[in-house]
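A closer look at the structure
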Amino acid sequence: MNWMQIVAFVIIVLALVSHGFSPNIFMLDKYSICLLFLLAIPLLTPYLKKAKWFGAEFEFRDEIEKTASLIEKSEEVTKESRPLPFSTFSTESARQTLDIDPNLSLAALRIDIERILSHAVLSFLDITNIRTRSLRGYMQSLTAAKLINPDQAGALLHISHMCNKAVHGHDVTRSEAIEIIELTERLNQSFSIGYSINVDKNDQYADHGLICEWEHCIEHFPLLEEDDKNISCQIFGHNCPGGSEVRIQCILTMADFPPDRHISEE
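Reading guide: rules and limits
Residues numbered from 1 in each chain as written. Predicted model: local features only at pLDDT ≥ 70, side-chain atom pairs only at ≥ 80, totals over all residues. Heavy atoms only, no water. Axes fitted to C-alpha atoms, helices over the stretch in contact; angles between N-to-C directions. Helix = DSSP H or I, 4+ residues; strand = E, 2+ residues; numbered from the N terminus. Parallel < 35°, antiparallel > 145°, perpendicular 65-115°, else oblique. Left-handed = near helix turned anticlockwise from the far one by under 90°. Contact = heavy atoms within 4.5 Å. Nonpolar A, V, L, I, M, F, W, Y, C, P; charged D, E, K, R; others polar. Salt bridge = Lys/Arg side-chain N within 4 Å of Asp/Glu carboxyl O. Buried < 20%, exposed > 50% of the residue type's maximum accessible area, 1.4 Å probe, protein only.

When two helices pack together, their arrangement is given by the angle between their axes and by how far apart the axes lie. Between helix H6 (residues 150–167) and helix H7 (residues 174–188), the shortest axis-to-axis distance is 11 Å and the interhelical angle comes to 155 degrees. Between H6 and H7, the interaxial angle falls into the category roughly antiparallel. Here H6 and H7 pass one another in a crossing that is left-handed. Side by side, H6 and H7 meet where Gln152, Ala155, Leu156, Ile159 and Met162 of the first sit next to Ile180, Leu183, Thr184 and Leu187 of the second. Residues of the contact of H6 with H7, tallied by class, amount to seven nonpolar, two polar and no charged.

Spelled out as structure tokens, the structure:
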């Protein structure tokens, strides 16, 4: 209890005691009741804040559980295919700022999610058909194009919703931020090789057991009916995500492809 709470408590007690022993000294009319209510605010504020904090905690817990359920369903879809070791949604920045500020950590995660989704829309879809340029709009468009499945979209929606709350000042504990980051990392595992919606160049492809910098997302790029050596990959057949210049300089052939792997995960 701080000094304001102590003063408010003493005044309220004295007013009630004086009214009890001598009602004429202190009359409980509507004005005095309002005065007592104002004096009680310093006493009630810590409990109101605590109630708000618990409410936010339960709200985050519910969102986390829903997200985990959706990710489990997405994991079932890719269980029989080879999960992609490349992170579709990077959590590196989020983890770097975790010990500084959990809210800032989730803000960094949200920025990366929005960046990947917006780049995917620009790369794979006709942007003139995108009605709403927002996270929800991007997810709906990518789902409609079957670039992500409904469970992945639902999980992303919950994750971005929790990140938005953190950005707008909701109290987030470190443990909650860790859970949300870990859910995002689990969601990354629901993308199969070739089917990531992250169109960034992967400089660590060799460490990930991939054949080139673009294998993580190449299956989403057009497959031409007639082979065009200036753009079509000699191994996968799809247009090279790196463009014609990268394709022309590429010297990879089918002989370089590991014999124990399938070209297509479809």
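Structure's up, so let's keep going.
In this structure, Asp151 sits in helix H6. With 84 residues separating them along the chain, Asp151 and Thr67 place their C-alpha atoms 9.0 Å apart. Once residues within four sequence positions are removed from consideration, Asp151 is found in contact with Leu70, Lys73 and Ser74.

Once that is clear, we can look at the pattern of salt bridges. If you walk through the whole model with that rule in mind, you get eight salt bridges. Taking the shortest distance from any N to any O, the salt bridge between Asp62 and Lys66 comes out at 3.3 Å. Remark: Lys66 and Asp62 occur in helix H2 (residues 30–77); sequence separation between them is four residues, near one turn of the helix. Owing to a relative accessible area of 35%, Asp62 belongs among the partly exposed residues under this scheme. The class for Lys66 is partly exposed, based on a relative accessible area of 42%. Put simply, Arg115 and Asp200 hold a salt bridge, and the shortest N to O gap is 3.0 Å. You can see Arg115 sitting in helix H4 (residues 102–124) and its partner Asp200 sitting in the loop between H7 and helix H8 (244–249), a full 85 residues away along the chain. When its relative accessible area of 32% is taken as the criterion, Arg115 is described as partly exposed. One salt-bridge network, held together by shared partners, links Asp112, Arg115 and Asp200.

We note that Lys146 has phi near 65 degrees; this positive angle belongs to a residue other than glycine. Looking at where Lys146 falls in the secondary structure, it is placed in the loop between helix H5 (135–144) and H6. A relative accessible area of 73% means that Lys146 is categorised as exposed.

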